[in-house]
Amino acid sequence: MPVYAVKKGRQTGLFDTWDQCEAQVKGFQGAKFKKFNSNAEALAWIDGETTTTTSNITASTSTASTSSGATKRTSSELQATSETTSAPATGTKQVVYSDGACKNNGKPNALGGIGVWWGPNDPRNLSERCPGKQTNNRAELIAILRVLEETPLSTEPLYIKTDSRYSISSLTEWYPGWIRNGWRTSAGPVLNKELIQYVLAHLDNRKTRGQEIVLQYVKGHSGNPGNDAADALAVAGTFLPQTPERDWVKLKAELERSQQQEVRTQSPPKIRKVASPTQSPSKSAAPSTSQGSRTRSPPKIRAAAARGPPQSPSKPGVVVAPPTSQELNDYAAGLLDDPAADLSF
């Protein structure tokens, strides 16, 4: 379905019909508008003349929990780069805007909300109340997290656009130093530590599965239609009922267990050779004798001496061959050797 993008007009943004677009540009001096086949292409075109800072998740971010609860980075760190040219208008990537809002930020009566915007009337758009402590930075981080939690895994790059420099810096630049210092700063423990660790675990989960995540800075309240829409959803979230804090440590552990379980199920099964119950013991396991090279012969056992001839088994359906002459001779010899045998006729 086509979409109309207005970069300069009475109202900028994306519009579903030509009539809506025409109302914004007809008679407007210097109007800029264009038709696209996807929201991603349209948004990339609208953002094309702005200078942005892009943080690319370019390296594996595997984590491991230590006994102190800190997160230890076990592979190369995330690399942040600056991008001064517009991203190509292509449909081979996913583009989403996230934002956090907080009324009375820093005060006891603060109200936080989060917003995620994919496009006009997109069912993935999201407006929620910020859980737990109400601060603007937490709302910005949780908005990014909700994108990662709700977006299905894909091989397409995922561009998350946000106006939170705090979130981008926390997830790409600052955390290696926090790890080295035991998640402490000169002012004390790192704020939002458990939340940041959980977001990093999600970024790692996507990277290890081959998806590139790009955190791209956009200037807030600057007329950017995607950012303005995400902001509106975040503000709407502040009016929703308060929700309890989430257990970030438990959620991170569950995510890592899920990753480990998936790796185990994808690994080929290990085959262990088991000795057959009828297998003869090896020569090296044979007991040694106490008389040098002399070996003790096994005792000779006479079959059923003085107890009558060999009997056929009682199991039905089993046929036993008649005794051989040797077996009869052995039986007769047993009778002659038994003094209790009655041989009178």
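Here the structure is a predicted model, which is why all the values come from computation and not from measurement.

Engineer: Looking at this structure, how should I read the packing of helix α4 (residues 165-180) against helix α5 (residues 193-208)?
Structural biologist: The geometry of a pair of packed helices is captured by two quantities: the angle between their axes and the separation between those axes. In the contact formed by α4 and α5, the axes pass within 11 Å of each other and the chain directions differ by 95 degrees. By the angle between their axes, α4 is roughly perpendicular relative to α5. Note on element contacts: α5 touches α4 through Ile 196, Val 199, Leu 200 and Leu 203, opposite Tyr 166, Ser 170, Leu 171, Tyr 175 and Trp 178. Residue composition of the contact of α4 with α5, by class: eight nonpolar, one polar and no charged.

Engineer: Mind showing me how you'd approach the packing of aromatic side chains here?
Structural biologist: Two aromatic rings are characterised by how far apart their centres lie and by the angle between their planes. Applying the stated criterion to the full structure yields seven aromatic pairs. Taken together, the ring pairs connect Tyr 166, Trp 174, Trp 178 and Trp 183 into an aromatic cluster. Between Lys 93 and the ring centre of Tyr 159, over which it is positioned, the NZ or CZ distance is 4.2 Å. Here the guanidinium or amino end of Arg 124 rests over the ring plane of Trp 118, the centre of that ring lying 3.9 Å away.

Engineer: Honestly, the nonpolar core in this entry has me stumped. Any pointers?
Structural biologist: Side chains that are nonpolar tend, in soluble globular proteins, to be buried together. Within the largest apolar cluster, 36 residues are counted, with the highest numbers of intra-cluster contacts made by Leu 158, Ile 160, Leu 171, Trp 183 and Ile 196. Mapped onto this core, the elements with two or more residues apiece are β8 (111-117), α3 (136-150), β10 (158-162), α4, α5, β13 (213-217) and α7 (248-266). Sort the elements by how many residues they give to this core and α3 lands first, with eight residues. Within the second largest apolar cluster, 16 residues are counted, among which are Leu 14, Ile 46, Val 95 and Tyr 97.

Cut-offs and rules
Residues numbered from 1 in each chain as written. Predicted model: local features only at pLDDT ≥ 70, side-chain atom pairs only at ≥ 80, totals over all residues. Heavy atoms only, no water. Axes fitted to C-alpha atoms, helices over the stretch in contact; angles between N-to-C directions. Helix = DSSP H or I, 4+ residues; strand = E, 2+ residues; numbered from the N terminus. Parallel < 35°, antiparallel > 145°, perpendicular 65-115°, else oblique. Contact = heavy atoms within 4.5 Å. Nonpolar A, V, L, I, M, F, W, Y, C, P; charged D, E, K, R; others polar. Phe/Tyr/Trp six-rings, centres within 6.5 Å; stacked < 30°, edge-to-face > 60°. Lys NZ or Arg CZ within 6 Å of the ring centre and 35° of its normal. Core = buried A, V, L, I, M, F, W, Y, C linked by side-chain atoms within 4.5 Å. Buried < 20%, exposed > 50% of the residue type's maximum accessible area, 1.4 Å probe, protein only.

The quantities given are spatial measurements derived from coordinates; they are silent on function.
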